[in-house]
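Single-letter residue listing:
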There are 2 protein chains.
Amino acid sequence: MHITIDSHTFITGVQHANKAVSSRTTIPILTGIKIQVHTDGVTLIGSDSDVSIETFIPKSDEEQSYMTIYEEGEMVLQAKYFSEIVRKMPGETLTLKKDGNMAATISSENVIFHLNGFDPDNYPKLPQLEEDQVFTLPYHLLKDIIRQTVFAVSTQETRPVLTGVNFSINNQELTVTATDSHRLAMRTVGVETEETLEINNVIIPGKSLTELSRILDDSEDMVTVIVTKTQVLFKMKNLLFFSRLLEGKFPLTSNMIPSEGKTTVTLSTKALNQSLERAMLLSREAKNNVIHIKSTGTTEIEITSISSEVGKVKESIEADEIKGEDLQIAFNGKNTLDALKTLDTERISLMFTGTMSPFVIRPLDHQQMIHLFSPVRTS
Amino acid sequence: MHITIDSHTFITGVQHANKAVSSRTTIPILTGIKIQVHTDGVTLIGSDSDVSIETFIPKSDEEQSYMTIYEEGEMVLQAKYFSEIVRKMPGETLTLKKDGNMAATISSENVIFHLNGFDPDNYPKLPQLEEDQVFTLPYHLLKDIIRQTVFAVSTQETRPVLTGVNFSINNQELTVTATDSHRLAMRTVGVETEETLEINNVIIPGKSLTELSRILDDSEDMVTVIVTKTQVLFKMKNLLFFSRLLEGKFPLTSNMIPSEGKTTVTLSTKALNQSLERAMLLSREAKNNVIHIKSTGTTEIEITSISSEVGKVKESIEADEIKGEDLQIAFNGKNTLDALKTLDTERISLMFTGTMSPFVIRPLDHQQMIHLFSPVRTS
């Protein structure tokens, strides 16, 4: 293989493929990026066996020509060095040429790198997926959904399914759920798909989604999502993102969410957020993240936090409205703050069902998002 | 003590004092910030026993009044929490009030923190220094000098004096030197002082200078530097920065710098910098940081680097001028890059005295800076 290619375009492609490459893989060839030159352009592939990314640079498009192809072929070069080298090359274009069986020269202006690689025949093949379970949604919406749920996955491997985010579709509505069993984040959204499509228990690893959201931009372009039993594929413009699915049964979460509350508080998202951040200064020190909330018949709620070593804090927030019984509950401030940070609405409602029962936070201006939290036993 | 103070001004003061506080101190009270309220304003003190910072907020200046003082007094509050709390307070002003023997309340709008502290009588006294060895220079110049030398100090404690930067004054000229015995950075600059002042072997810990440079801005304001046998004090506007000095004898460096070279190369700083950064991609991998440079009678120098596992790179740089013998030398690329990054001049001269002798890099447009490097033995 032998090409001269626009440096800027090539760097972007290499960076995308590189996102899937992990330096901690046990399979040496997966530390490499596979480069395939064919008549219509260049394909770059990176993989850590959980996630695979395939990105394509066309030979040319309406705007410009991106490369001159002298010879087709393929090779695998060490991602860590290759991505750094192409980024630091001096010229507007760079030339990539196979040099011997597994090595390459990368040259630009007065610089020549000679880089060792791997045998491309040993690089694993990406899966071919059956396209019968398919839906589409815009880039920016998928990015939002990930941001608003993935923080709630479990970081502990004791229940592997909880390290993933569950996707289900019914009546052209996508429900996305993550929980670590102490808190739950759920987002629903309409998607474009066949009316009859039903998807259940599709658990995508949280890490895969975090990686995916780094590639998604805020555009209105559509992502096509293809689901199989063991894999999911996100098809974007010139980029394929594969992830394995987690095995196992995601907990049934729909019946966990209380429909009615004993106390409902409506207030400013920002006021609650700032108040919890202050209270966390002490709760974090006490290592239990416990914050107390109380309402006693006034129009204010009271937030308190105590660290026996450091001190204590008490503050009041003026609510828009407090309905129902007096309230007193202790909760994990960090979990609640994580959720508040993903809420883009100005005002929220907090619904409590008792001191020892889970409570719910919802945006006030739509019904597409629910956050559920277990209380903390103090005493 | 009891004051209400402008939040913004107070936060800045607390942040300055906090820079001297280390969480790893073995003396518990030094995890605190000392706050002294007196008739003319507030003094804040932080210290880790190597460095102490005292900052003063006047009651008012020409522009505005910063505080209302209800009661004088002093206390010591835990720096880590106190600095975070004042930063997160909601209002334009905050009120600080002694509450019991060693605790305080910090309040602003609807928020009240109660914070435990230490007995202020136990806080160590800052030294009173004799002001007979004194010189002054502008903030921005002191900041530059630190940046251009401190990177070259040793990080190993085997020869403690080399972890410091040596200051000496002769004929109203300050010479600042740092070396880890493989490389040396020296900067000279004229300072305002008495003609007769001679200072020798004043070794300031590199860590102290790094901390000081974070406080210095690029202004033309003058810093007064007061030197004693064991301490140095940098006096700035409303801020005192104390550092202990290192004991021992700094190596005599003036005779290490060769006066004449066998080969002299003049070239672009940026071209050499970018070339070394590329070569380092492989040298860093080889773990020895070795880069080779060669000139062979043309107008170009050749830079090469090899990692047996990863590959190799070769590039040429067009020099402005090459004088003297042909040249071939191996050196530590990281050390040279560190120095190049502090050189603000567009063109530099490299002076070589042989394959196994140290070489010198100087800016082309002034004589106030010298970088010296040992070659590396290969083969």
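All values reported here derive from a predicted model rather than from experimental measurement.

Turning next to the interface of chain A and chain B. Residue-level contacts link 30 residues of chain A with 30 residues of chain B. Of the roughly 2,600 Å² buried where chain A meets chain B, counting both sides, 56% is carbon and sulfur surface. The largest per-residue losses of area from chain A upon contact with chain B belong to Lys88(A), Arg278(A) and Leu281(A), which jointly make up 23% of the total buried on that side. Across the contact surface, chain A and chain B share 1 salt bridge. Lys88(B) serves as the salt-bridge partner of Glu277(A), at 4.0 Å between the closest nitrogen and oxygen. Remark: the boundary between chain A and chain B carries 12 residue pairs in polar contact (both at pLDDT 80 or more). Examining the composition of the side of chain A that touches chain B, we find that 7 residues originate from one element, strand E22 (residues 311-318) of chain A, more than from any other.

Residues and elements named next belong to chain A. Summed over all chains, the structure comprises 10 aromatic pairs over all chains. For the pair Phe-234 and Phe-241, a centre-to-centre distance of 6.2 Å together with 70° between the ring planes defines the contact as edge-to-face. In terms of burial, Phe-234 and Phe-241 fall into one category: buried. Put simply, the rings of Phe-331, Phe-352, Phe-359 and Phe-373 pair up and form one aromatic cluster.

So, on to the sheet that holds strand E13 (residues 173-179) of chain A. Residue and element names in this part refer to chain A. The strand order E15-E12-E13-E14-E27-E26-E25-E19-E23 describes an open sheet built from 9 strands, whose pairing is antiparallel. Looking at the sheet topology across the chains shown, the edges are occupied by strand E15 (199-205) and strand E23 (321-324). Ignoring which end each strand starts from, the neighbouring axes of this sheet average 20° apart. Sheet topology places strand E14 (residues 183-190) next to strand E27 (residues 369-373); 5 bridges connect them, and they run antiparallel. Within the sheet, the bridge partner assigned to Arg-183 lies in E27 and is Phe-373. This element, helix H4 (residues 206-215), spans strand E12 (164-170) and E15 of the sheet and lies at about 75° to E15. On top of the sheet, helix H6 (residues 333-342) reaches E14, strand E25 (347-352), strand E26 (359-363) and E27; it is set at about 170° to E27, its chief contact.

We now examine helix H5 (residues 269-285) of chain A. End to end, H5(A) covers 24 Å across 17 residues, agreeing with the expected 24 Å (1.5 Å per residue, within 8%). At Ala279(A), H5(A) shows its largest kink, close to 35°.

A few words now on the UniProt feature "domain: DNA polymerase III beta sliding clamp C-terminal" (unreviewed entry) in chain A. The UniProt record annotates "domain: DNA polymerase III beta sliding clamp C-terminal" (unreviewed entry) at residues 256-376 of chain A. In this annotation, residues 256-376 of chain A is assigned 22% helix and 45% strand; the end-to-end C-alpha distance for the span is 17 Å.

To continue, consider the sheet that holds strand E4 (residues 51-58) of chain B. Residue and element names in this part refer to chain B. Spatial ordering of the open sheet is given by E10-E6-E2-E3-E4-E18-E17-E16-E11, a layout of 9 strands whose pairing is antiparallel. The two strands at the open ends of the sheet, each matched to only one other strand, are strand E10 (117-118) and strand E11 (134-138). Pairing analysis gives 6 bridges linking strand E17 (residues 231-236) to strand E18 (residues 239-244), with the strands arranged antiparallel. Across the sheet, the residue bridging to Val-232 is Ser-243, located in E18. Here helix H1 (residues 7-18) sits on the sheet in contact with strand E2 (32-38), strand E3 (41-47), E4 and E18, set at roughly 165° to E4. This element, helix H4 (residues 206-215), spans E4, E17 and E18 of the sheet and lies at about 170° to E18.

Glancing now at the relation of the copies chain A and chain B. Both copies of the chain are tied together by a single rotation about an axis and a shift running along it. Rotating chain A by 180° about the axis while translating it 0.0 Å along that axis superimposes it on chain B, leaving an RMSD of 0.0 Å. Each copy turns onto its partner about a two-fold axis.

Before going further, it helps to spend a moment on the domain arrangement of chain A. Residues and elements named next belong to chain A. Here chain A is partitioned into domain 1 (2-122), domain 2 (134-254) and domain 3 (259-373). Counting from both sides, the interface comprises 10 residues of domain 1 and, opposite them, 11 residues of domain 2. Carbon and sulfur atoms supply 54% of the area that domain 1 and domain 2 bury against each other, a total of about 1,000 Å² over both sides. Contact with domain 2 buries surface across domain 1, with Lys-19, Asp-50 and Glu-54 losing the most and accounting together for 46% of the total. The salt bridge involving Arg-244 is made with Asp-50; its shortest N-O contact spans 2.7 Å. Counting every contact that joins domain 1 to domain 2 gives 5 residue pairs in polar contact (both at pLDDT 80 or more). By residue number, the principal contributor to the side of domain 1 that touches domain 2 is strand E4 (residues 51-58), which donates 7 residues. For the side of domain 1 that touches domain 2, the class distribution of residues is 4 nonpolar, 3 polar and 3 charged.

Reading guide: rules and limits
- Residues numbered from 1 in each chain as written.
- Chains lettered and ligands numbered in written order.
- Predicted model: local features only at pLDDT ≥ 70, side-chain atom pairs only at ≥ 80, totals over all residues.
- Heavy atoms only, no water.
- Contact = heavy atoms within 4.5 Å.
- Buried area = accessible area lost by both parts, 1.4 Å probe.
- Salt bridge = Lys/Arg side-chain N within 4 Å of Asp/Glu carboxyl O.
- Polar contact = N/O pair within 3.5 Å; in protein donor to acceptor, adjacent residues only side chain to side chain.
- Helix = DSSP H or I, 4+ residues; strand = E, 2+ residues; numbered from the N terminus.
- Phe/Tyr/Trp six-rings, centres within 6.5 Å; stacked < 30°, edge-to-face > 60°.
- Buried < 20%, exposed > 50% of the residue type's maximum accessible area, 1.4 Å probe, protein only.
- Pairing = 2+ DSSP bridges.
- Axes fitted to C-alpha atoms, helices over the stretch in contact; angles between N-to-C directions.
- Expected span 1.5 Å × (residues − 1).
- Bend = angle between axes of the 7 residues up to and from the residue.
- UniProt positions renumbered as here; feature names shortened; annotations may be inferred.
- Least-squares fit on C-alpha atoms with pLDDT ≥ 70 in both.
- Domains from an automatic or database assignment.
- Nonpolar A, V, L, I, M, F, W, Y, C, P; charged D, E, K, R; others polar.

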